[in-house]
Amino acid sequence: MSNRIVLNTISYHGAGAIKEIPGEIQRRGYQKVFVCSDPDLVKFGVTKKVTDLLDEAGIAWSLYDEVKPNPTIQNVQDGVEAFKAAEADCIVTVGGGSAMDTAKAIGIIINNPEFADVRSLEGVAPTTKHAVFTIAVPTTAGTAAEVTINYVITDVEKVRKFVCVDTNDAPEVAVVDPEMMATMPAGLTASTGMDALTHAIEGYTTKGAWELTDMFHLKAIELISKNLRDAVAEAKSGEPGSGREGMALAQYIAGMGFSNVGLGIDHAMAHTLSAHYDTPHGVACAMLLPIAMEFNKPVVVERLADVAVAMGVDTTGMTTDEAADAAIAAVRQLSEDVNIPKVCEAIKADELDQIADDALADACYPGNPREADHDTVVELFKKIMA
Ligand SMILES: NC(=O)c1ccc[n+]([C@@H]2O[C@H](COP(=O)([O-])OP(=O)(O)OC[C@H]3O[C@@H](n4cnc5c(N)ncnc54)[C@H](O)[C@@H]3O)[C@@H](O)[C@H]2O)c1
Ligand SMILES: [Fe+2]
């Protein structure tokens, strides 16, 4: 059996990295940029940081900013029409996972129009052509959609989120500039950071994990544990610091790993909560993380003990079992310190059967190291009910 690693062709990291964007477009000879972003980022002037650079370089661009959090099939289809109307030849996406995922789907459909219905892209999509050339600029520190081969779209009609996995959607260039994340409020910094921690822990314990992805995941867990509290404090105070920079890098490293091996039951359940109740993705992941770790512990106890060490827990004198419990406790403590809610008040008892079925049908579930049946998933959801 062989393993596969897919990453960006080029990635830039650090404050001021967005200055590299015009050169990356010009040296490839592209003429018109389709900028895919969202309305809040336009309002806060975040998108403008990139479009000002395009203006300065004399590069023509057209803005599509109708992406909503947990983006919909409609967002993608409207974006495809906007791309055609703009007569653009490349994409720069500025945003969190929602804008970047929408841009990925648009870029895929432009070059593979037989998937214009969007739904047919679910799972491992059999596209034949690479997406439109894309530069991805994350403005949150969590999803790592700028480096992953996945995107997640909401089917409003069927009340479900679906994951599309396709090596043709990996953006060629990622520009991970912590200054693009500076306007994130504390709550968003916390929830997106916990999404990144969930990627790293699920990626480290998923069925397909191997040495190369282990390396990324352990480093990401270490960096997130060191930096997330500081990043949240910096977002509250407005003072610059090293936490935000650390989180920008950590979430990207987690993405280098999980994109190549998959996730597990936490993300499967989290997607379901977002589809039914519009729960922000990072909040859903974070609430479920210690619960998913507890459920998986019997089959990944040694791996969870490694997580404890990566999180900075002194495990000297502990048994493997105790160290695994210490990892779960450390995750709970970190969630509490950054004010993640413990319960999801929106969950309705009479919908538990449906959301459990949906979670088991999610593309992330098969990566989970331990099998769960319907009743078990219902019990797991009950643990985060009010
Ligand atoms: N492609 C992947 O591999 C992958 C991985 C994990 C999650 N996801 C998906 O990504 C989506 C979640 O993305 P997200 O958590 O980054 O949030 P998001 O993109 O949904 O953004 C949430 C809100 O935060 C605002 N925001 C973003 N950056 C900001 C900034 N710098 N300052 C102020 N406000 C800002 C946005 O305008 C939006 O209102 C979900 O749909 C999830 O399923 C994708
Ligand atoms: Fe995620």
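Look above for the structure.
For the structure given in this document, a descriptive report is provided here.

Definitions and cut-offs
Residues numbered from 1 in each chain as written. Chains lettered and ligands numbered in written order. Predicted model: local features only at pLDDT ≥ 70, side-chain atom pairs only at ≥ 80, totals over all residues. Heavy atoms only, no water. Core = buried A, V, L, I, M, F, W, Y, C linked by side-chain atoms within 4.5 Å. Buried < 20%, exposed > 50% of the residue type's maximum accessible area, 1.4 Å probe, protein only. Helix = DSSP H or I, 4+ residues; strand = E, 2+ residues; numbered from the N terminus. Domains from an automatic or database assignment. Contact = heavy atoms within 4.5 Å. Axes fitted to C-alpha atoms, helices over the stretch in contact; angles between N-to-C directions. Parallel < 35°, antiparallel > 145°, perpendicular 65-115°, else oblique. Left-handed = near helix turned anticlockwise from the far one by under 90°. Pairing = 2+ DSSP bridges. Arc of directions from axis to C-beta. Donors = N, O, S within 2.8 Å, 3.2 Å for Na, K, Ca; no water. Tetrahedral: all angles 85-135°; square planar, octahedral: opposite > 155°, others 65-115°.

Attention now moves to the nonpolar core. With 79 residues, the main nonpolar core has Leu197 and Leu273 as its most contacted residues. The dominant element in this core, judged by the number of residues it contributes, is helix H10 (residues 281–310), at 16 residues. Two domains each provide a minimum of three residues to this core, namely domain 1 (10–181) and domain 2 (186–382). Setting aside residues no more than four positions away along its own chain, Leu197 makes contact with Ile221, Ile224, Leu289, Met311, Val331 and Leu334. Counting residues in each nonpolar core, the second largest holds 26 residues, with Phe34, Val67, Val76 and Ala105 among its members.

Glancing now at the packing of helix H12 (residues 352–361) against helix H13 (residues 374–382). The geometry of H12 relative to H13 is characterised by a closest axis approach of 9 Å and an angle of 110° between their N-to-C directions. In terms of axis orientation, H12 runs roughly perpendicular to H13. Regarding H12 and H13, the two cross each other, and that crossing is right-handed. Residues Leu352, Asp353, Ile355, Ala356, Asp357, Ala359 and Leu360 of H12 lie in contact with H13, whose contacting residues are His374, Val377, Val378, Phe381 and Lys382.

A sheet is described by the order of its strands in space; here three strands give the open sequence E5-E8-E7, paired in mixed fashion. The open sheet has two free edges, formed respectively by strand E5 (123–124) and strand E7 (150–155), since each of these has just one partner strand. The sheet contacts of helix H9 (residues 265–277) involve E7 and strand E8 (160–165), and relative to E8 the element is tilted by about 135°.

Okay, H12 next. An α-helical turn contains 3.6 residues, so any two residues separated by three or four positions project in the same direction. Of all the residues in H12, the buried ones are Leu352, Ile355, Ala356, Asp358 and Ala359. Looking down the long axis of H12, one finds its buried residues gathered within 160° of arc, a one-sided arrangement. Residues of H12 that are buried make contact with H9 and H13.

What follows covers the coordination of the iron ion (ligand 2). Expected angles at a metal are 109.5 degrees for tetrahedral coordination by four donors and either 90 or 180 degrees for octahedral coordination by six donors. Only Asp195 (OD), His199 (NE2), His267 (NE2) and His281 (NE2) from the protein coordinate the iron ion (ligand 2), and they sit 2.1 to 2.2 Å from it. Coordination geometry of the iron ion (ligand 2): the four donor atoms subtend angles of 83 to 169° at the metal centre, consistent with an arrangement described as irregular. Within one chain, the residues serving as donors to the iron ion (ligand 2) are arranged as D-x3-H-x67-H-x13-H. With His199 in helix H6 (residues 186–205) and His267 in helix H9, this residue pair connects regions lying 68 residues apart in the sequence.

A few words on unusual backbone geometry. Of note, Val118 is a non-glycine position whose phi angle comes to about 70°, a positive value. Turning to its location among the elements, Val118 is positioned in the loop between helix H5 (97–111) and E5. A positive phi angle, near 60°, is found at Ala144, a position not held by glycine. Assignment of secondary structure puts Ala144 in the loop between strand E6 (134–138) and E7.

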